[in-house]
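Chain by chain, the residues:
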Amino acid sequence: MKPILPVLLFLCAGLVATSLPASAQSPDQDLAAARAAVTQTPSGQTGGLETDDPDMAAMVKKVKIITRSKTAAQLPENTPIALDLGLVDVPGADAKLTEGVTAKAYARYVKVEEQKVGQLVLSGVEKDGRAEALNSDDFVAQFALENDPTLDPTASITVEGDQSELIAALKRLAVTGEDETANKKEVEEAGVGASDGAVASNAASNPDAGSYTTPGALELDDTPETSTRITAEGCKMRIDLDQLEAIQQTRMATTTDGETSYGTCEDGDERYKINKSYSACAYIEDLDARTATASFLYYYTDGSGNRVEHGECQPDPEARFDIVEDSSACRVSLDYDAGTVITNAKLVYTNQNGRKIEVRDCSPSTDVEPAIMSATAEGCDIRDDFDAGVSYQRQKYVYELGGVSYSTACTDSGTEFAHETIYKTDGGDYVCTPLINANSKTVTLQSRVRILVNGLEQFRTACTPDTTSMEVVATTEGCEDPAYWTHSLSAGQSYGSERYYYFYDDKQEFISDCQKSDQVYTHQIEITGWQPHDDQLFAYALSTVYIDDTPQGRYNIKTSEVLPGTAQTPYTYDGESTAPNSDVWYEDCTRFAGQDLVKNYTRPDGTKYALTVGDADPVNQGNVCTAQISWGADTHATYVLTSTNYSSAANVCGSTTLRYNYATGGGEHEFSGTDTGMNHCAFTDAIATKTIVREDGTTIGEPVSNSCRATAAAPSIYNVQVNGLKVWFKAFGPAYPALTTAIKSQCIVNWGWPL
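The model shown is predicted, which means the values in this text are computed figures rather than measured ones.

Undergrad: Help me get a handle on the sheet that holds strand β24 (residues 371–372), residues and values and all.
TA: Strand order in this open sheet of three strands is β20-β21-β24, and the pairing throughout is antiparallel. The open sheet terminates on both sides in strands that have one partner only, identified here as β20 (333–335) and β24. Strand direction decides the pairing type here: strand β21 (residues 340–342) and β24, joined by two bridges, are antiparallel. Bridging from a neighbouring strand, threonine 340 pairs with isoleucine 372 of β24.

If you want it as structure tokens, here you go:
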């Protein structure tokens, strides 16, 4: 993902305070307290314009000062930490005034209604060990932060501050540097550095003290003090995409008597491998060409484990994938007017990680031609209405897809057949055998209800005795159990059952068994559940088919089943969202957590279903590396260099010429001598190795080693009177200096390594 630049808010303290609980201080109140605790104005300096005069206050010109953190810094919540900033642009200031200057600051973040707000104040400026304080009330920045409260060293921070106060401080730094150089030369010429009080007791005991004459000045070398160092300050990182390297450029900084000049930036030794990141970029989907192309941007991991991105996302022609149709997750569409079945399909592709990504939802397929469906009465019973004397033709639609046959539910086709009650066929034969009562010597005819379907007769009832003679009686007695009735699911009807009898000697004589009657019970259907099909985003209703008002009350014909021809009930679409998944991966020091792009649906039973349709933007969980610094054993060395300038830390070895006068016998004589302090050429060195280690134990990049040195202090020069002579001495320290923790820490700072 792209680095997030701080967005300046410059919130009014009053506005911020109103958004906090009444019991808490506002961020500005807290920051003011922190400033008071960590910043001081030196005695004799105002540090800025402070006056109760509103006219004077109005003269203060606030400008936008552009700064940049020198290192990536994790801001703490509430408690400020010290920071070093580089001055990128100070309006109205000559570029030479800001050259080599470090702005000292304090920063933190606070939460305002769950929003992280960074706060920063400037407390002073510093150059070559000299410092000038600033009134921190006059230099303030507030800016919004994302989830990771880290200051990016490549991002600018705008501080609103007093232009005149800052420029004045920068000028004082420049003038102070010039004065120090001049004063040092004067001190050397005047012999400053001799201590006449270090051994006062010896002087007091000298019997020749009364004849003491002040000796001539110690002659020191007037050669200007010069030191050099290699620095990355003011140099950019050079991106070499041919070698896939990010090269930190450095330059030589030469300081002579406090004045620093810089050479040309050139490639340094620090180089970082440039990699491709696909996590931060989306695929380029071309529906016309039916291709999806992965995109990437370049990034590298710097010496502190920070991810630095370069350029914009660009397509990778070697990571191109075909977009294809997938009909497995789509329902078909029935076009009854056209008599066709339309196959619907999604457009999908499989990405670099093997995940199926949806490009387009279900739509008519362009690869599969519509299938023909046809209507047929086969498998559908005729529906009877005996009260109306009509029967209805039923039909369903059948079609074939992928070699599998499908059909719809049966419905009325619109064709009707009139009922006829007949006793004899057209040929004069009885349709049913007449019933003969031998006792009463009577005959009872039987009839059936007939319809003509395409010229062919169909009987809709069983043989029914003619009950008009009152000798034959119809009864449901013994035929009350619906389990033995006729049930037609396709017609949506059940038929009652009855039998016939007559009386003989006052006893019932049954002349038929239970048979289908013309008592029709219409089927009732209630949905008792759902059978989900998440793969195609529909559900079948589980239905219970029953009839009411039977001699035994309600009777269930089918219980919680999917009925033939049941329609597919689609899920309700609720929109897209993201959901975390279990994928975690690293790009050098950056950890990413995967997210799925999901479409949310509600099933007909009210339950929820989330369908993963692709990858959502992963969550950048930041730098999960730490810099582990190990130190080797101390080593010692002694060197001899040709130099007479012992006051410079860069030239501490060699011999020093001392010239002094002494008086005896009333005359003055001059004597010159040479004193060489070999132990002042002693050094203590140790090798520090920095290794960037990720949270999973993986070493990132190659370990980097640097040598840290402790140099013996410059010799002290003092004088004593010996037998009337004032003699000059050089005192040296221990043979080898101690490489202290403080010196090591300063080396780490100078190398730009994280503490």
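Undergrad: Which residues make up the state of the cysteines, and what values do they have?
TA: Enumeration according to the criterion identifies eight disulfides in this entry. The disulfide partner of cysteine 330 is cysteine 362, and the gap between their sulfur atoms is 1.9 Å. An S-S torsion of about -85 degrees defines the bridge between cysteine 330 and cysteine 362 as left-handed. Taken together, the positions of cysteine 330 in the loop between β19 (324–326) and β20 and cysteine 362 in strand β23 (residues 356–364) put the pair 32 residues apart, joining distant regions of the chain. For cysteine 330, a relative accessible area of 4% corresponds to the buried category. A sulfur-sulfur separation of 1.8 Å characterises the disulfide bridge that pairs cysteine 432 with cysteine 463. Between cysteine 432 and cysteine 463, the S-S dihedral sits near -85 degrees, and the bridge is therefore left-handed. Of this pair, cysteine 432 sits in the loop between β30 (420–422) and β31 (435–437) while cysteine 463 sits in the loop between β34 (456–459) and β35 (464–465), and the two are 31 residues apart along the sequence. On the basis of relative accessible area, cysteine 432 is assigned to the buried category, the value being 4%.

Undergrad: Lay out the nonpolar core with the relevant residues and their values.
TA: Membership of the largest hydrophobic core comes to 30 residues, with the highest contact counts inside it found for Ile65, Leu87, Leu120, Leu122, Val125 and Leu166. Among the elements of the structure, β2 (62–69), β4 (81–89), β5 (102–112), β6 (115–127), β8 (139–145), β10 (156–162) and α5 (163–190) are those that each provide at least two residues to this core. Here this core gets five residues from one element, more than from any other, and that element is α5. Apart from residues lying up to four places away in sequence, leucine 166 is in contact with Ile65, Val90, Val125, Leu134 and Phe139. Residues Ala686, Ala688, Ile748 and Trp751 belong to the second largest nonpolar core, which totals nine residues.

Undergrad: Now, about the pairing of β23: what can you tell me, with residues and values included?
TA: Pairing analysis gives six bridges linking strand β22 (residues 344–350) to β23, with the strands arranged antiparallel. Each bridged residue has a counterpart across the sheet, and for tyrosine 349 the counterpart in β23 is isoleucine 357. Hairpin connection between β22 and β23: a loop of five residues separates the two successive antiparallel strands, and glycine 354 in this loop has a positive phi of roughly 80 degrees.

Undergrad: So what about unusual backbone geometry? Which residues, and what values?
TA: In the Ramachandran plot, leucine 537 falls in the positive-phi region, its phi being about 60 degrees despite a non-glycine side chain. Along the chain, the position of leucine 537 falls in the loop between β41 (524–533) and β42 (538–550). A relative accessible area of 9% means that leucine 537 is categorised as buried. In this structure, serine 560 takes a positive phi of about 50 degrees despite not being glycine. With respect to the helices and strands, the residue serine 560 is situated in strand β43 (residues 553–561). Exposure remark for serine 560: the relative accessible area of 36% places this residue in the partly exposed category.

Undergrad: Tell me about the pattern of salt bridges, residues and numbers included.
TA: Counted according to the given criterion, the structure contains 29 salt bridges. Each member of the salt-bridge network shares a partner with another, and the members are Lys346, Glu358, Asp361 and Lys599.

Undergrad: Account for the side chain of threonine 255, naming residues and giving values.
TA: Along the chain, the position of threonine 255 falls in strand β13 (residues 245–256). Polar side-chain contacts of threonine 255 include one of 2.9 Å to the side chain of threonine 260.

Undergrad: Give me the lowdown on the packing of aromatic side chains, citing residues and values where you can.
TA: Geometrically, a pair of aromatic rings is defined through the distance of the ring centres and the angle of the planes. Per the stated rule, a full pass over the model turns up 17 aromatic pairs. Measuring from centroid to centroid gives 5.5 Å for tyrosine 283 and tyrosine 349, while their planes differ by 45 degrees, and the two rings are tilted. With tyrosine 283 in the loop between β15 (266–277) and β16 (284–286) and tyrosine 349 in strand β22, the pair connects residues that are 66 residues apart, well separated along the chain. Classification of tyrosine 283 by relative accessible area gives partly exposed; the value is 22%. Residue tyrosine 349 is classed as buried on the basis of its relative accessible area of 3%. Across from the ring centre of tyrosine 299, 4.4 Å away, lies the NZ or CZ of arginine 307, which sits over that ring.

Cut-off values and rules
Throughout, a residue's number is its position along its own chain's written sequence, starting from 1. A pLDDT threshold of at least 70 governs which residues receive local features in this predicted model, and a stricter bar of 80 or more applies before side-chain atom pairs are shown or counted, although totals over entire chains, interfaces and linings include all residues. Side-chain metrics rest on all non-hydrogen atoms present in the structure, leaving aside hydrogens and water. Two strands are counted as paired when DSSP detects at least two bridges linking them. Counting from the N terminus, the helices are the DSSP runs of H or I reaching at least four residues and the strands are the DSSP runs of E reaching at least two. Here, the term disulfide refers to a pair of cysteine sulfur atoms separated by no more than 2.5 Å. The rule is simple: take the accessible area with a 1.4 Å probe, protein chains only, and divide by the maximum for that residue type; under 20% is buried, over 50% is exposed, in between is partly exposed. In plain words, nonpolar cores are sets of buried Ala, Val, Leu, Ile, Met, Phe, Trp, Tyr and Cys residues tied together by side-chain atoms within 4.5 Å. Contacts are assigned to residue pairs with any non-hydrogen atoms lying within 4.5 Å of each other. We define a salt bridge as a contact between a side-chain nitrogen of Lys or Arg and a carboxyl oxygen of Asp or Glu at a distance within 4 Å. Contacts described as polar in this section are N or O atom pairs within 3.5 Å, which, within protein, must combine one atom able to donate a hydrogen with one able to accept it, while residues neighboring in sequence count only if both atoms come from side chains. Aromatic rings from Phe, Tyr and Trp, with only the six-membered ring used for Trp, were paired whenever their centres fell within 6.5 Å, and each pair was classed as stacked if the ring planes differed by under 30 degrees, edge-to-face if by over 60, and tilted otherwise. Counted as over-ring charges are cases with an Arg CZ or a Lys NZ within 6 Å of the ring centre that also lie within 35 degrees of the ring normal.

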